[in-house]
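Overview (structure and organization)
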Amino acid sequence: MASNQSKASRTLRIRRRKEKSSPIPYINQEYIALCQWMKRNQFVPKHPFLSSAVFQNTGRGLMTHQPITPGSIIVSIPHHLLITPHTVLTSLRGHIRKWDKRLSSQQAMSIFLLAEKAKHESSFWYPYINILPKKYTTPSFFSETELNLLPKTVRSRASTEISKVHTAFKLVTDFIRSCWPELAPVITLPDFLWAWYSVNTRSVYYKHNLCEEFLADGNHLALAPFLDLLNHSYDANITAAFNVNSNCYEIQTENTYRKYDQVFISYGNHDNAHLLVEYGFVLPNNPNDAVEFSFDSLLDIALRMEHTHLKEKRDVLQNGCFDK
């Protein structure tokens, strides 16, 4: 009897562990509306079937309902459901033509999101915009107290990023006041930060041959509804590109996944400081993580260790540009 009770107790513990670590389907009204909108606009999910779920370690992501083998296309988004620079300029060109400066691709795409968001349900893109996060966790959203808790080198990178975004915001507000004043009420700093990081954290690389004379850079950005529900993993091995034959943006994986696994993509081989500043998260045990230190810190240590000929050694390193 004791043996049977012990076995039953062990079985219950195993079941509870599995239940705790199992993904929970994430089906809310916004997600249902997104899927219905994409289906109405000729998005046909292919094998493997992916759906939204909440995972213990990453939060919301995409779960597969079938095993996936290397070489599989995990998602394929039709061109007309991508928000590309061409999509943006088709909407904004009349206003941008009035401007004697040039916006970056990310600034233009941020303005587009805010303009479409202001249309509410009358926007074609409403089901997609409505499912985007309402706020982000990058340092641009940190309080001063939170920023001061960051390590010095990370805080420096965060400050540089925050300064860059505020400079972009100033140019955008100048553009709106001059060329699109009716949009001014929705171009507050919090609104702009939301739009900017919607693009920054969710856009994909989209190479195109269009010559967009109204943009200041050659950034190849696109937003891809549904695809951007995929989370990052450092060991995800993928190929992502626009397929001219299928007229879809496709992601092919070289990883193997079991049924009910979370499916990942890779944002690149980034350290945790980069992931935090650009995307708002860090990875435990990140093999690409790095510790930054300055040349002055090394000199200070060498001085304390009473190294000889320190000035001559420093000059050699600096003359050879080895101090970077």
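Above: the structure in question.
Residues numbered from 1 in each chain as written. Predicted model: local features only at pLDDT ≥ 70, side-chain atom pairs only at ≥ 80, totals over all residues. Heavy atoms only, no water.

**Considerations on the overall build of the protein chain**
- A count of helical and extended segments in the protein chain gives 11 helices and 10 strands.
- For the protein chain, the spread of C-alpha atoms along the principal axes amounts to about 75 × 70 × 40 Å.
- A buried classification covers 42% of the 324 residues belonging to the protein chain.
- In the protein chain, the share of contacts with a sequence separation of at least 24, taken over all contacts with a separation of at least 6, comes to 71%. (Helix = DSSP H or I, 4+ residues; strand = E, 2+ residues; numbered from the N terminus. Buried < 20%, exposed > 50% of the residue type's maximum accessible area, 1.4 Å probe, protein only. Contact = heavy atoms within 4.5 Å.)

**What to know about the side chain of Ser52**
- On the secondary structure map, Ser52 appears in strand β2 (residues 50-55).
- You can call Ser52 buried: its relative accessible area is 0%.

**Concerning the sheet that holds strand β4 (residues 72-78)**
- Strand order across the open sheet formed by 3 strands is β4-β9-β8, with antiparallel pairing between neighbours. Of all strands in the sheet, those with a lone pairing partner are β4 and β8 (238-243), marking the two edges. With direction set aside, neighbouring strand axes in the sheet form an average angle of 15°.
- With 6 bridges joining them, β4 and strand β9 (residues 248-253) adopt antiparallel strand pairing. For Ser76, the partnering residue across the bridge sits in β9 and is Glu250. (Pairing = 2+ DSSP bridges. Axes fitted to C-alpha atoms, helices over the stretch in contact; angles between N-to-C directions.)

**Digging into the environment of Lys259**
- Position of Lys259 relative to the elements: it lies in the loop between β9 and β10 (262-265).
- It is 8.2 Å that separates the C-alpha atoms of Lys259 and Met63, two residues lying 196 residues apart in sequence.
- Dropping the residues within four chain positions of it, Lys259 is found in contact with Thr64, His65, Gln66 and Pro67.

**Notes on the packing of helix α8 (residues 189-202) against helix α9 (residues 272-279)**
- α9 packs onto α8 with a crossing angle of 140° between their chain directions and a minimal axis gap of 9 Å. It follows that α8 is oblique to α9 by the angle criterion. Along the contact surface, α8 presents Tyr197, Asn200 and Thr201, while α9 presents Val277, Glu278 and Tyr279.
- The residue inventory of the contact of α8 with α9, partitioned by class, reads 3 nonpolar, 2 polar and 1 charged. (Parallel < 35°, antiparallel > 145°, perpendicular 65-115°, else oblique. Nonpolar A, V, L, I, M, F, W, Y, C, P; charged D, E, K, R; others polar.)

**A few points about helix α4 (residues 105-118)**
- In this model, α4 (14 residues) spans 20 Å end to end at C-alpha, consistent with the 20 Å of a helix rising 1.5 Å per residue.
- Burial within α4 is extensive, with 12 of its 14 residues counted as buried.
- Within α4 the residues assigned to the buried category are Ser105, Gln106, Gln107, Ala108, Met109, Ser110, Ile111, Phe112, Leu113, Leu114, Ala115 and Glu116.
- On its buried face, α4 is in contact with α3 (85-96), α5 (126-129), α7 (152-179), α8 and β6 (221-222). (Expected span 1.5 Å × (residues − 1).)

**Considerations on the sheet that holds strand β1 (residues 24-25)**
- The strand order β1-β2-β3-β10-β7 describes an open sheet built from 5 strands, whose pairing is mixed. Looking along the sheet, the strands with just one partner apiece sit at the ends: β1 and β7 (231-232).

**Some points on the pattern of salt bridges**
- Scanning all chains against the criterion turns up 10 salt bridges.
- Measuring nitrogen to oxygen at the nearest pair gives 3.3 Å for the salt bridge that ties Lys170 to Asp174. Residue Lys170 and its partner Asp174 are both found in helix α7; the two are separated by 4 residues, about one turn of the helix.
- Here Asp174 falls in the partly exposed class, since its relative accessible area comes to 24%.
- Its salt-bridge partner being Lys311, residue Asp315 comes within 3.1 Å of it at the nearest N-O pair. Of this pair, Asp315 and Lys311 both sit in helix α11 (residues 310-319), 4 residues apart, which is roughly one turn of the helix.
- Under the relative-accessibility criterion, Lys311 is labelled exposed at 52%. (Salt bridge = Lys/Arg side-chain N within 4 Å of Asp/Glu carboxyl O.)

**Here we look at the pairing of β10**
- Covered by surrounding structure in β10 are Gln262 and Phe264 together with Val263 and Ile265, the residues of both alternating faces.
- Looking at chain direction, strand β3 (residues 59-64) and β10 are connected through 2 bridges and run antiparallel. Bridging from a neighbouring strand, Met63 pairs with Gln262 of β10.
- Strand direction decides the pairing type here: β7 and β10, joined by 2 bridges, are parallel. For Asn231, the partnering residue across the bridge sits in β10 and is Phe264.

**Quick notes on α8**
- For α8, which comprises 14 residues, the first-to-last C-alpha distance of 20 Å matches the rise-based estimate of 20 Å (1.5 Å per residue) to within 8%.
- For α8, the full list of buried residues reads Phe192, Leu193, Trp194, Ala195, Trp196, Tyr197, Ser198, Val199, Asn200, Thr201 and Arg202.

**Observations concerning unusual backbone geometry**
- The backbone phi angle of His120 is positive, close to 55°, even though this residue is not glycine.
- Tracing the backbone shows His120 in the loop between α4 and α5.
- What makes His120 exposed here is its relative accessible area of 51%.
- A positive phi is found at Glu306, a non-glycine position, where the angle reads about 60°.
- Looking at the element boundaries, Glu306 is found in the loop between α10 (295-304) and α11.

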